[in-house]
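So you can see what is in the structure, the chains are spelled out below.
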Amino acid sequence: MKPWILGLTGGIGSGKSAAAQHFGELGIHTVDADYAARWVVEPGRPALAKIAAHFGTTILLPDGQLDRAALRAQVFANPEERRWLEQLLHPLIRQEIIEHLGRAQSPYAILVSPLLIESGQYQLTQRVLVVDVPEDLQVQRAMARDGSDEAQIRAIIAAQASREERLRHADDVLVNDRDLAWLQGEVERLHHFYLTLRGGQP
Ligand SMILES: CC(C)(COP(=O)(O)OP(=O)(O)OC[C@H]1O[C@@H](n2cnc3c(N)ncnc32)[C@H](O)[C@@H]1O)[C@@H](O)C(=O)NCCC(=O)NCCS
Ligand SMILES: Nc1ncnc2c1ncn2[C@@H]1O[C@H](COP(=O)(O)OP(=O)(O)OP(=O)(O)O)[C@@H](O)[C@H]1O
């Protein structure tokens, strides 16, 4: 039987990848939109040439790969450039996601995406799990992970759906304001619940 799809979302640094990793350890197939966003700009893919034509070849590293840190600095300082990039990449990312979800063979599969709500990717899912953390903790964890400054993380948060908007779309909420052992315990609790669902519904 084809698995039903759980959408797993949350803002930058909320703990989506940490939660997804544990769902993966429990045998659940996960597809991460951030990975799909990397595949579509690999050297040789048409999107990378379009980005280089638009931003200039200084957006490429000497080995021809996309300079992600440089593009990150540009797009989060300039909403118009961010929208240009999204219009180019989101349809391609969506195609990659559909292809990869189609290969899933676990009882349910997970689409992990920071922009599940904003990009309309939630339409590919039957149920939405939001990883929710207070904004200050989000900033603290994202800064520690990425080595970015606070202003850039706050600019990224400003480009994402608000906490309230995301929670409005949530069927389930995982509050990730404790340690990683707690997060894993919550993932296990949710996993057992999800195994009882048919098509994502009780
Ligand atoms: C700007 C880019 C090159 C920065 O790359 P970098 O390796 O530094 O970050 P990475 O891709 O791992 O993203 C880190 C986090 O930034 C946030 N983020 C990324 N893109 C966006 C965006 N368009 N709007 C809001 N937040 C975003 C997410 O929380 C994401 O998890 C990259 O994020 C990108 O190509 N973004 C546009 C495509 C996109 O929207 N991706 C999000 C998944 S659909
Ligand atoms: N409960 C927790 N306790 C301590 N550290 C945590 C916890 N949850 C996540 N982290 C850490 O916080 C950082 C951000 O988590 P993670 O990378 O999973 O976030 P994310 O939602 O996937 O972010 P992004 O949108 O940027 O991809 C990571 O370094 C992760 O190990």
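Computed from a predicted model, the values in this text were never measured in an experiment. For every chain, the first residue of its written sequence is number 1, and the numbers climb from 1 along that sequence. To read the labels, note that chains go from A and ligands from 1, taken in the order they are written. Reporting in this predicted model follows two pLDDT cut-offs: at least 70 for local features of residues, and 80 or more for side-chain atom pairs to be given and counted; totals over whole chains, interfaces and linings ignore these cut-offs and use all residues. Only hydrogens and water are removed before side-chain values are computed, so all heavy atoms of the structure are retained for them.

Draft legend 1. Main features of the site of ligand 1. Nearness here has a simple test: a residue counts as near a molecule or strand if at least one of its heavy atoms is within 4 Å of that partner. Not every one of the 19 residues close to ligand 1 is listed here, only the nearest: Asp-34, Arg-68, Glu-86, His-90 and Gln-160. Think of a polar contact as two N or O atoms within 3.5 Å of one another; within protein, one of them needs to be a possible hydrogen donor and the other a possible acceptor, and neighboring residues in sequence only count if both atoms come from side chains. Contacts to ligand 1 include Asp-34, whose side-chain N or O atom sits 2.6 Å from an oxygen atom. Within the contact set of ligand 1, an oxygen atom lies 2.8 Å away from a side-chain nitrogen or oxygen of Gln-160. For ligand 1, the protein covers 93% of the area, taking 780 Å² as the surface of the free molecule. At a threshold of 2 Å from the grid points, most atoms of ligand 1 map onto the largest pocket. Segments assigned H or I by DSSP are reported as helices when at least four residues long, segments assigned E as strands when at least two residues long, and all are numbered from the N terminus. Listed by contribution, the elements that provide at least two residues to the shell around ligand 1 are helix H2 (33–39), helix H4 (68–75) and helix H5 (79–101). Only the protein chains shown count as cover for residues, with accessible areas throughout obtained via the Shrake-Rupley method and a probe of 1.4 Å. A cavity, in this analysis, means grid points on a 1 Å lattice covering only the protein atoms where a 1.4 Å probe fits yet has no way out; a pocket is instead an open set bounded by protein on both sides within 12 Å along at least five of seven lines, and a residue lines either one if it has an atom within 4 Å of a point. Pocket occupancy is defined atom-wise: a molecule lies in a cavity or pocket when more than half of its atoms are within 2 Å of its grid points.

Draft legend 2. A look at the UniProt feature "binding site: ATP" (unreviewed entry) in the protein chain. UniProt positions are given in the numbering used here, feature names are shortened, and annotations may be inferred rather than shown by experiment. What UniProt calls "binding site: ATP" (unreviewed entry) maps, in this numbering, to Gly-13, Ser-14, Gly-15, Lys-16, Ser-17 and Ala-18. Lining residues of the largest pocket drawn from the annotated set just named are Gly-13, Ser-14, Gly-15, Lys-16, Ser-17 and Ala-18. The topology assignment puts Ser-14 in the loop between strand S1 (4–9) and helix H1 (16–25). With residues near it in sequence (within four places) discarded, Ser-14 still touches Val-131, Val-133, Gln-138, Arg-141 and Asn-176. Locating Ser-17 in the fold gives a position in helix H1. The buried label goes to any residue with under 20% of its type's maximum accessible area, the exposed label to any with over 50%, and the partly exposed label to all in between, with areas taken from a 1.4 Å probe on protein chains only. Exposure remark for Ser-17: the relative accessible area of 44% places this residue in the partly exposed category. For this analysis, residues touch if any pair of their heavy atoms sits within 4.5 Å.

Draft legend 3. Looking closely at the sheet that holds strand S3 (residues 108–112). Spatially, S2-S3-S1-S4-S5 is the arrangement adopted by the 5 strands of the open sheet, whose pairing is parallel. Sheet topology places strand S2 (29–32) and strand S5 (172–175) at the edges, where each strand pairs with a single neighbour. Neighbouring strand axes in the sheet, compared pairwise and without regard to direction, differ in orientation by 25° on average. Two strands are said to pair when DSSP picks up at least two bridges between them. Two strands pair when backbone bridges link them, and S1 and S3 are joined in this way by 5 bridges, in the parallel orientation. In the strand pairing of S3, Ile-5 is matched with Ala-109. Each of S1, S2, S3 and strand S4 (127–132) touches H1; the most contacted strand, S1, lies at about 150° to it. Throughout, an axis means a line fitted to C-alpha atoms (over the contacting stretch in the case of helices), and angles, computed between N-to-C directions, take values from 0 to 180 degrees. Across the face of the sheet, helix H9 (residues 180–195) comes into contact with S1, S3, S4 and S5 while running at roughly 165° to S5.

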